[in-house]
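A closer look at the structure
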Amino acid sequence: MNGYQFSFASTHFTALGSGALYWAAQSLLCVSDLHLGKSERIARRGGATLPPYETRDTLTRLAADIALTEPDIVVCLGDSFDDLNAALALPEAERSWLARLQAGRRWIWIEGNHDPGPVELGGTHLRELNLAPLTFRHIAQKNARAEISGHYHPKASVQLGGRRISRPAFLVDSDRMIMPAYGTYTGGLCSTSPVLEALMLPATCAILTGATPIAIPLFRKVSS
Amino acid sequence: MRALPPKFNNWFATKGWSIHPHQQAMLDRADAPALLLIAPTGGGKTLSGFLPTLLDLAEGGHEGMHTLYISPLKALAADIKRNLTTPVKEMHLPITIDERTGDTPQSRRKRQRADPPNIFLTTPESLALLVSYPDAAHMFKNLKRVVIDEIHALAESKRGDQMMLALARLQTLCPALKRVGLSATVEDPAAIAHYMARHPDPCEVLLADPGPAPDISMLTTTEAPPWSGGGAAYAIPAVLDQIRQHKTTLIFHNTRAQAEIFFHNLWLANDDHLPIGIHHGSLDRTQRERVEAAMVRGDLRAIVCTGSLDLGIDWGDVDLVIQIGAPKNVKRLVQRIGRANHRYNAPSKALLVPANRFEVVECVAALEAVLEGALDGEPRGPGPRDVLCQHILIAAAAGPFDADALYREVTSAGAYAALSRPDFDACLDFAATGGYALRAYDRWQRLLQRPDGLWQLRDPRAAQRIRMNIGTIQDTDTLKVRMRRNRGGKPLGEIEEGFAASLTPGDTFLIGGQIVKYEGLREMTVEVSRDSAKKPKIATFMGTKFATSTQLSARVQQMFTAPSWPELPDHTAQWLHLQREVSELPQPGRLLIESFPHDGRAQTVIYGFAGRNGMQTLGLLLTKRMEELGLHPLGFVSTDYATLIWGLDPITDPAPLFDLGALQDGLDTWLAGNAVMKRTFRASATIAGLIERNTPSARKSGRQATFSSDILYDTLLRYDPDHLMLEITREEALRGLVDFGRIEEMITRIDGRIDHRVLPRVTPLAAPLFLEMGRVPVKGQAEERLLAEEAARLMEASGLAQITPPPSDKPHWRAKP
């Protein structure tokens, strides 16, 4: 499996290059911020008619990760739909595709700020999920420990001899992990933004997604 | 011949003026449906455009708007208002004049729509906005004439295309509308006439006396220009000398960053405390206005400026124009010199200051071209369809429309005269549904066809969003810069978001001629404080980078064939001789390629002379090909003459890389993934309305809500490769940033005659390339390799590799093999 192995909260994880997180011991695959139906929502509100292929693209990648890891549990860590109407408006082909992915495994929708209620699709709807020692929730809470969340769409960049490479990233410190957004139509928030710097401890690693996921220290000023 | 009424005759007499022949000719042809005047500045060109209007309105009795004046610059509209107000006041004419630009306050805009002035002065963008209101017919009722100033400048850009579409709309509202175009000297007046007239109306071209030839030369300095860069700091003492010897000097630069640096250096050396100002488009409006006012009062001895002062603004008594940096294009040089000098019948005086050694050669070539009167220009293709898509949305914002009528109207604009109905319909479908192969938006179409056949907005609120996104000017995302103070310090101007992101607190940069220190970012505003440092980090304003024209490039290559160069200064001639000694000079009809090691990388220079954009594309195509061949290219940088590629492995046989057939065959697939296409897509998709730069709720929260246009591009390419937007992007890229035509021209020109020199070190001609800005990285295998190395180094250096994520049991910071 092409992933980055690491420990968090005494637990062994694999960060996949796609932005998904795999927990082998639980056979659990977690993805965050799918934002399915984003283009539909924008058009509905009188905005531009964006290429309506992002749900298809996101599900294609999710299906590939599921085929790769064959998980017993899939956790969608909130903002799975761009809003609840977008979940309702999901085309039939994409609904049945989701149903096929759900077959034979536990599927958990964690609620997010974009999708705060249950959706008419298979799976369990939860505010948060506790699987000792970890807590999965959409938005990071202050003073939480062993917490895995999404919401902020973190990105991190590294300076490489005059060029800057910026990619969606997992942010990991001793207390929490913030996952990158998995959905195709999602942007990123720079890891150096005040809100992320306030959340994360000085000794934080960013695991950059991409062909080969790779870890970098986030706040350079801090050393041993 | 139509005689001037006594009132006007007397007024001319009190000024000691007599009517110019071309003014009379314009007056005599006032009833022509379209008329193009080509005249030098200072020849009373604007008055020629307005004289028939003033005569008409002097008789009184006209209700509402009579004449619409459109100029490419806001400053020009303000200037014309001032100039027109004088005769109107002095002759006591019953004429109201008002302007409207992006800077006009809301209250005055409302008044203008309810009670339009007789003479209305505006810009293409403001006109497009006005046309988008349902009450446009009321505002433009009784409109008789439209005067388009500096039409040669507008005709070169999408701003002009948008303006001509808006005029087509006005012509429907006011069928008797007469069009007048005012232009500087151009190489092909007939093309502009076709562009501005309602198709197929005829358009007569009037040529005014061009005046005496300009007195233009290269500034000679005791110090040699540097090898690279655009600062021309070496010329500061000589330029100061010139300022002292003249009343008012305009110092033109090709980019804003260069203007800032030059102004800074000029100021440091200005021991006589000569009053010198700076003016460019990134400065805050109040700062610009202050400089403009001082200029008009004659308080300034010199102004350091960019293209924002390029056009025919009346700057009073300018007696010298200095061009810093090679002019890139002979026509623009001639226009720039001609326009700044407002004394009719006196030769314009101008000096060229090459910024670096190569530009010395280019300046000499340009001087020869000016003397021969050889203007350059590339014909512009048909009207771009991204602008058409926006126009369709504008039409919908104004009210329900009939597709047949809109098609007729659009094809009455010269640039769109050849637009086919299917091409129009594709744009309409795009505006209505997005035009996707997957019909996803049946419920949420932007435009709906009603039972009566007319098209209208589905959601009336969309009109506001459309209006917020009108325009074709693609400025990069910029952030305002302010002095840090308790609440809202003095605004200084704008810098690019990318540049702002690279700043860390304490960094210094130049803006408006002063050095400031970056303090922090607050609510999308860059806060700075004054700093007394001598050496700033430089603001990387985009500025416009023009490509050197084909004609000028050919002249330079021709110069390289000479056995010696008595016309060049010694330092430059010696440089060329040295190049000839260690390698050779690029010859016409051949392609010189040099390969040598430097900085631990394999370097290759291709002297293609295809202009900046063409050379950029060549860099993209060649590095892609090298990537496929496993040569690990890391990046490239292009100038107008050459492309430098560096990588991990050397090129041993370049010939297979230059097979035109292979380049062409691969162009589409190669183009698809490259950065230039993505940049072009971003511009076109924004104009066409697919990407909304401004939304009612934009920029309130963090930026994670927006996502990169690259994602849209990649998604379209993957799932809908035949989509209209991709078609438009290809069209635009090929004639714009990609400039593949010039690569084809180059490859045909060299016809396989490639001279590959493998050398032990950097050559004299190649050396300046290493100092060029704008290096383009290649995102390939080499990047993954370097990234892995760098990440390992960082983890090690930071100590995190040892501690790993606490409180884990065992560190696992290595990817599984």
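Residues numbered from 1 in each chain as written. Chains lettered and ligands numbered in written order. Predicted model: local features only at pLDDT ≥ 70, side-chain atom pairs only at ≥ 80, totals over all residues. Heavy atoms only, no water.

**Quick word on the overall build of chain A**
Within chain A, the secondary structure is distributed over five helices and 16 strands. Here chain A, with 224 residues, has 65% of them falling under the buried criterion. Of the roughly 7,900 Å² of accessible surface on chain A, 52% is carried by carbon and sulfur atoms. (Helix = DSSP H or I, 4+ residues; strand = E, 2+ residues; numbered from the N terminus. Buried < 20%, exposed > 50% of the residue type's maximum accessible area, 1.4 Å probe, protein only. Areas by Shrake-Rupley, 256 points an atom, 1.4 Å probe, with all protein chains shown as cover.)

**As for the sheet that holds strand E6 (residues 106-110) of chain A**
Strand-to-strand pairing in sheets goes through backbone hydrogen bonds, with the strands running parallel or antiparallel. Residues and elements named next belong to chain A. Overall, mixed pairing links the seven strands, which are arranged E1-E2-E3-E4-E5-E6-E7 in an open sheet. Among the strands making up the open sheet, the edge pair consists of strand E1 (3-8) and strand E7 (124-126). Within the sheet, the average angular offset between the axes of one strand and its neighbour, ignoring direction, is 25 degrees. Summarising the sheet, strand E4 (residues 28-31) and strand E5 (residues 73-76) pair through four bridges and their orientation is parallel. Across the sheet, Cys30 pairs through a bridge with Val75, a residue of E5. (Pairing = 2+ DSSP bridges. Axes fitted to C-alpha atoms, helices over the stretch in contact; angles between N-to-C directions.)

**Overview of the sheet that holds strand E6 (residues 178-183) of chain B**
All names here are of chain B. One open sheet accounts for seven strands, arranged E3-E4-E2-E5-E6-E1-E7; its pairing is parallel. Of all the strands in the sheet, just strand E3 (97-100) and strand E7 (204-207) have a single pairing partner and so form its edges. Strand-to-strand twist in this sheet, taken as the mean axis angle between neighbours without regard to direction, amounts to 20 degrees. As paired strands, E3 and strand E4 (residues 119-122) are joined by four bridges and run parallel to one another. Residue pairing across strands places Glu99 opposite Leu121, the latter belonging to E4. Along the sheet face, helix H4 (residues 74-90) touches strand E2 (67-70), E3 and E4 and points at about 180 degrees away from the line of E3. (Contact = heavy atoms within 4.5 Å.)

**Some words on the confidence of the model for chain B**
Residue and element names in this part refer to chain B. Looking at chain B as a whole, its pLDDT mean stands at 84, while 87% of the residues score no less than 70. Averaged pLDDT values for the elements of chain B fall to 52 in helix H30 (residues 800-803) and rise to 98 in helix H17 (residues 403-410). Confidence drops under pLDDT 50 across residues 803-817; counting only partners more than four residues distant or on other chains, this segment forms 28 contacts. (pLDDT = per-residue confidence, 0-100.)

**Let's talk about helix H23 (residues 611-628) of chain B**
Over its 18 residues, H23 of chain B extends 26 Å from the first C-alpha to the last, a length consistent with the 26 Å expected when each residue adds 1.5 Å. In terms of residue burial, H23 of chain B counts as a mostly covered element, since 14 of its 18 residues are buried. (Expected span 1.5 Å × (residues − 1).)

**Points about the nonpolar core**
All names here are of chain B. Ranked by internal contacts, the top residues of the largest apolar core, which has 117 residues, are Leu68, Phe140, Ile392 and Leu447. With nine residues, helix H16 (residues 385-398) is the largest single contributor of residues to this core. Aside from chain neighbours lying at most four places away, what touches Leu447 is Ile392, Ala396, Phe401, Leu428, Ala431, Ala432, Trp455, Gln456, Leu457 and Arg458. In this structure, Val291, Val364, Phe596 and Leu634 belong to the second largest nonpolar core, which totals 55 residues. (Core = buried A, V, L, I, M, F, W, Y, C linked by side-chain atoms within 4.5 Å.)

**Points about the side chain of Ser412 of chain B**
Residue and element names in this part refer to chain B. Within the element layout of this structure, Ser412 appears in the loop between H17 and helix H18 (421-433). You can call Ser412 buried: its relative accessible area is 11%. Excluding its chain neighbours within four sequence positions, the residues that come into contact with Ser412 are Ala168, Ala197, Arg198 and His199.

**Concerning a positive patch on the surface**
A contiguous patch of positive charge, built from Arg290, Arg485, Lys490 and Arg530 of chain B, is present on the exposed surface. Considering the arrangement of structural elements, one finds Arg530 of chain B in strand E20 (residues 525-530). (Patch = residues over 30% accessible without salt bridge, like charges linked within 9 Å, V, L, I, M, F, W, Y side chains within 5 Å. Salt bridge = Lys/Arg side-chain N within 4 Å of Asp/Glu carboxyl O. Lys, Arg positive; Asp, Glu negative; His and termini not counted. Charge placed at Lys NZ, Arg CZ, Asp CG, Glu CD.)

**Focus: helix H15 (residues 357-372) of chain B**
All names here are of chain B. Given a rise of 1.5 Å per residue, 16 residues ought to cover 22 Å, and the 24 Å separating the end C-alpha atoms of H15 matches this to within 8%. Where H15 begins, the side chain of Asn356 points an oxygen toward the backbone nitrogen of Phe358, at a separation of 3.1 Å. Of the residues flanking the end of H15, it is Gly373, one or two places downstream, whose phi is positive at about 65 degrees. (Polar contact = N/O pair within 3.5 Å; in protein donor to acceptor, adjacent residues only side chain to side chain.)

**Focus: the pattern of salt bridges**
With the rule as written, the count across this model stands at 49 salt bridges over all chains. Of the charged contacts in the structure, one is a salt bridge between Glu40 of chain A and Arg44 of chain A, with a shortest N-O distance of 2.7 Å. With Glu40 of chain A and Arg44 of chain A both in helix H1 (residues 38-44), this residue pair falls four residues apart, about one helical turn. Using a relative accessible area of 13% as the deciding quantity, one classes Glu40 of chain A as buried. In this structure, Arg450 of chain B and Asp452 of chain B form a salt bridge, with 2.8 Å as the shortest nitrogen-oxygen distance.

**A closer look at the environment of Glu527 of chain B**
All names here are of chain B. As for its placement among the helices and strands, Glu527 is situated in strand E20. With a relative accessible area of 8%, Glu527 lands in the buried category. When the C-alpha positions of Glu527 and Pro491 are compared, they lie 9.5 Å apart, and in sequence the two are 36 residues distant. A distance of 3.2 Å separates a polar atom in the side chain of Glu527 from a polar atom in the side chain of Arg484.

**A closer look at the packing of aromatic side chains**
For the coordinates displayed, the defined rule picks out 23 aromatic pairs over all chains. Between Phe50 of chain B and Tyr69 of chain B, the ring centres sit 5.5 Å apart and the planes meet at 35 degrees, which makes this aromatic pair tilted. Of this pair, Phe50 of chain B sits in helix H3 (residues 45-58) while Tyr69 of chain B is found in strand E2, placing the two residues 19 residues apart along the sequence. As far as the burial class goes, Phe50 of chain B and Tyr69 of chain B line up, both buried. Put simply, the rings of Tyr4, Phe6, Phe8, Phe13, Trp23 and Phe136 of chain A pair up and form one aromatic cluster. Over the aromatic face of Tyr182 of chain A sits the side chain of Arg61 of chain A, whose NZ or CZ is 4.8 Å from the ring centroid. (Phe/Tyr/Trp six-rings, centres within 6.5 Å; stacked < 30°, edge-to-face > 60°. Lys NZ or Arg CZ within 6 Å of the ring centre and 35° of its normal.)

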